[in-house]
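# Analysis of the macromolecular model
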Amino acid sequence: MAILLIAEHDNTALKSATLSTVTAATQIGGDVDLLIVGSGCTAVADSAAKVAGIRKVLVADNAAYDHEIAENVADLIKGLASDYSHILSPATTNGKNFMPRVAALLDVGQISEIMSVESADTFKRPIYAGNAIATVQSLDSVKVITVRATSFDPAATEGGSASIETLSQVSDTGLSRLVSEELAQSDRPELTTAKVIVAGGRGMGDKAHFEMLDTLADKLGAAVGATRAAVDAGFVPNDYQIGQTGKVVAPELYIGVGLSGAIQHLAGMKDSKVIVAINKDEDAPIFQVADYGLVADLFEAVPELEKAL
Amino acid sequence: MKVLVTVKRVIDYNVKVRVKSDNTDVDLKNVKMAVNPFCEIAVEQAVRLKEAGKATEVIVVSMGPQNAQEQLRTALAMGADRAILVQSDEVLESLTVAKVLAKIVEEEQPGLVIMGKQSIDTDNNQTGQMLAALTGMSQGTFISGLEISDTEAQVVREIDGGLQTLAVKLPAVLTVDLRLNEPRYASLPNIMKAKKKPLDTKSPADYGVEVKANTRLLKVEPPAERQAGIKVANVAELVEKLKNEAKVI
């Protein structure tokens, strides 16, 4: 049994979602090979080779794989698949984009966003926005799987000594090309890997008031998140969204401010270790999952909290 | 250019699902069903393309039980021209659905296929990408913006950390995200008119596709319940608890 794991990276280092996926692969068992695909991504290989539990690092560095264009990346992976029993990727927007394409090219299904490994062919995954957990057994010869990174601890970044192999074959379908990319610039930690998250909802009132959470977050070294309602109201960009249709987070400390705790939002944050809720409506559903609830006017409580830290 | 759009019949967005007591699945008996919200956005986009003169015909397809006709009628009332129901009472997994859709694409030769990025029941986020693979088409997933020219579609994709703009060659499969548009409500006259629009009923076998299980569902459980904690009286108490009890700051 051997596992091909497609790495999430930023051309300089592996993203921690990759390390969590390595842990999932180790739980499945067998040799784990890591594929680094992209354009200008060779630099990632050296640090990837040190990750504990990797047999081999495969590098496919070519302009055709720039920004992991799904059509080309899927073709490449299809060509490598015959050596493997499992193909894994973190359930990032990249993995979600190319993995089902890989599965269909191999004439197999895909098991999406697993949250635990029960055996080499059986996994748990959330359905109905996390309101039910399904145990699913794969009947396919090759198992194509995406992994919910927050459900697995990251593998150690030291201790491994994998060999590095450069792949020469290039798949260029010419079907899609990148026009532009706008990534949010921020010195704060990324939402999906942050230890502390401060999130705001519609109760923040407007864009200007939402910014008071930035100051609180900076004091805590936290990432800032939001509910769908706050995103839809235009307080913050869409990549702030935590919930069923946004990001799934599981920080050590989650502070929810001025948000009611709609099911869709809870689905994205209820695995946080400690949940704090600040809301003036004492009947808000968020208090049913919060470890510490403070019924108060957020416009007084947040500045006070910031001073007390 | 023809546009093919898909709809799935799922539990209504506002209904809280319950797991059956024997843990075999969720309980969908007597539960309100609706068009999957992402599919509604897909239909809206297809209809807007027709209104803008970019699409000549909007064909809506669903796979599922006979009752899925209701969701097709909703799409027709929103402005789709005709519907195809590929009827089956079996469990239909993404790959099987993609195979049937690939056959319909072969027959209808649409310039664009627009689908929801995922259904809110199984949350798989697969079928569009699979259809693109099976037909060799380009794919634009999780889109929140769309511009069409003669040979390509320019799509804005919602990705981790921001937005990405891709130019994908036509024909293409697009899967839509929440912020692409706000779907219209069908007016009563349009609901009446939709009843007279053509709706073909087919079976997977008509397309030469065998309904195959790629997975076996072993168990469905409710998620671990989180217990409510305590209410603190003020900010000072909150900080004290976080420092000394939870030890997270």
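Okay, so let's go over this structure.

Glancing now at the overall build of chain A. Check the secondary structure of chain A and you find nine helices and 16 strands. Rg of the C-alpha trace for chain A: 21 Å, near the compact-globule value of 19 Å for 309 residues, within the 12% margin. Dimensions of chain A, computed from the C-alpha atoms along their principal axes, are close to 60 × 40 × 40 Å. Considering only contacts in chain A between residues 6 or more positions apart, those separated by 24 or more positions represent 64%.

Let's shift gears to the pairing of strand β6 (residues 112-116) of chain B. Residue and element names in this part refer to chain B. For β6, a buried count of five out of five residues is recorded, marking the element as mostly surrounded by other parts of the structure. The alternating pattern of β6 places Leu-112, Ile-114 and Gly-116 and Val-113 and Met-115 on opposite faces, both of which are buried. In the sheet, strand β1 (residues 2-6) pairs with β6 via three bridges, with the strands oriented parallel. The residue bridging Leu-4 from the neighbouring strand is Val-113, located in β6. As paired elements, β6 and strand β10 (residues 172-176) share five bridges and run parallel to each other. When the sheet's bridge partners are listed, Gly-116 is paired in β10 with Val-176.

Turning our attention to the nonpolar core. In globular proteins that are soluble, nonpolar side chains generally tend to be buried together. One finds A:Leu4, A:Ile6, A:Leu35, A:Ile77, A:Ile87 and B:Leu131 to be the most contacted residues of the largest nonpolar core, which totals 51 residues. Considering each element in turn, this core owes the most residues, eight residues, to helix α3 (residues 94-108) of chain B. Look past the residues within four positions of A:Ile77 in its chain and what remains in contact with it is A:Leu4, A:Ile6, A:Leu35, A:Ile87, A:Phe98 and A:Val102. Judged by nonpolar contacts, the second largest core, of 44 residues, contains B:Ala83, B:Ile114, B:Ile120 and B:Val168.

When we look at burial in helix α6 (residues 212-220) of chain A, the residues that qualify are A:Met212, A:Leu213, A:Asp214, A:Leu216, A:Ala217 and A:Leu220. Summarising the contacts, the buried residues of α6(A) are in contact with β12 (196-200), α5 (207-210), β13 (223-226), β14 (253-257) and α9 (298-308) of chain A.

Moving on, we come to the pairing of strand β7 (residues 138-148) of chain B. All names here are of chain B. In terms of residue burial, β7 counts as a mostly covered element, since ten of its eleven residues are buried. Sheet topology note: the β7/strand β8 (residues 152-159) ladder contains five bridges and is antiparallel. Paired with Glu-147 across the bridge in β8 is Gln-154. Between β7 and the antiparallel strand that follows it, β8, lie three residues.

What the rule picks out here adds up to one aromatic pair over all chains. Ring centres of A:Phe210 and A:Phe235 lie 6.3 Å apart, and the angle between their planes is 55°; this geometry places the pair in the tilted category. Of this pair, A:Phe210 sits in helix α5 while A:Phe235 sits in the loop between α7 (228-232) and β14, and the two are 25 residues apart along the sequence. A cation over an aromatic ring shows up here: B:Lys117 above the ring of B:Phe142, its NZ or CZ 6.0 Å from the ring centre. Sitting over the face of the ring of A:Phe287, B:Lys231 holds its NZ or CZ atom 4.8 Å from the ring centroid.

On the chain B side, the residues contacting the 84 residues of chain A number 77 residues. Carbon and sulfur atoms make up 53% of the area that chain A and chain B hide from each other, which totals about 6700 Å². If you look at where chain A meets chain B, you find five salt bridges. At the boundary of chain A and chain B, one finds 46 residue pairs in polar contact (both at pLDDT 80 or more).

What follows covers the side chain of A:Gln241. Tracing the backbone shows A:Gln241 in the loop between α7 and β14. In contact with A:Gln241, not counting residues within four places along its chain, are A:Ala226, A:Thr227, A:Arg228, A:Val231, A:Gly246, A:Lys247 and B:Arg179.

Residue and element names in this part refer to chain A. An order of β5-β9-β4-β1-β2-β3-β10 is seen for the seven strands of this open sheet, with the pairing classed as parallel. The strands lining the two open edges of the sheet, one partner per strand, are β5 (110-114) and β10 (163-166). Put simply, the sheet's adjacent strands are angled 25° from each other on average, direction ignored. Where β5 lies against strand β9 (residues 143-147), three bridges are found, and the strand directions are parallel. The partner of Ile-111 across the bridge, within β9, is Ile-145.

The subject of this paragraph is helix α6 (residues 235-244) of chain B. The set of residues buried in α6(B) consists of B:Val235, B:Leu238, B:Val239, B:Lys241 and B:Leu242. End-on, the buried residues of α6(B) take up no more than an arc of 160°, which puts them together on one face. As for α6(B), its buried residues are in contact with β14, β15 (274-279), β16 (292-295) and α9 of chain A together with β13 (230-232) of chain B. You can read the cap of α6(B) off the contacts: a side-chain oxygen lies 3.3 Å from the backbone nitrogen of B:Ala236, and it is on B:Asn234.

With respect to topology, six strands assemble into an open sheet ordered β13(A)-β12(A)-β14(A)-β15(A)-β16(A)-β13(B), the strand pairing being parallel. The open sheet has two edge strands with one neighbour each: β13 of chain A together with β13 of chain B. On average, each strand axis in the sheet is tilted by 25° relative to the strand beside it, whichever way the strands run. For β15(A) and β16(A), the ladder comprises four bridges, and the chain directions are parallel. Residue A:Ile278 lies in a different strand from β16(A), and its bridge partner there is A:Leu294. Here α6(A) sits on the sheet and contacts β12, β13 and β14 of chain A; the angle it forms with β12(A), its principal contact strand, is near 170°. The sheet contacts of α6(B) involve β14, β15 and β16 of chain A together with β13 of chain B, and relative to β16(A) the element is tilted by about 170°.

Criteria and cut-off values
Residues numbered from 1 in each chain as written. Chains lettered and ligands numbered in written order. Predicted model: local features only at pLDDT ≥ 70, side-chain atom pairs only at ≥ 80, totals over all residues. Heavy atoms only, no water. Helix = DSSP H or I, 4+ residues; strand = E, 2+ residues; numbered from the N terminus. Rg over C-alpha atoms; globule rule 2.2 N^0.38 Å. Contact = heavy atoms within 4.5 Å. Buried < 20%, exposed > 50% of the residue type's maximum accessible area, 1.4 Å probe, protein only. Pairing = 2+ DSSP bridges. Core = buried A, V, L, I, M, F, W, Y, C linked by side-chain atoms within 4.5 Å. Phe/Tyr/Trp six-rings, centres within 6.5 Å; stacked < 30°, edge-to-face > 60°. Lys NZ or Arg CZ within 6 Å of the ring centre and 35° of its normal. Buried area = accessible area lost by both parts, 1.4 Å probe. Salt bridge = Lys/Arg side-chain N within 4 Å of Asp/Glu carboxyl O. Polar contact = N/O pair within 3.5 Å; in protein donor to acceptor, adjacent residues only side chain to side chain. Axes fitted to C-alpha atoms, helices over the stretch in contact; angles between N-to-C directions. Arc of directions from axis to C-beta.

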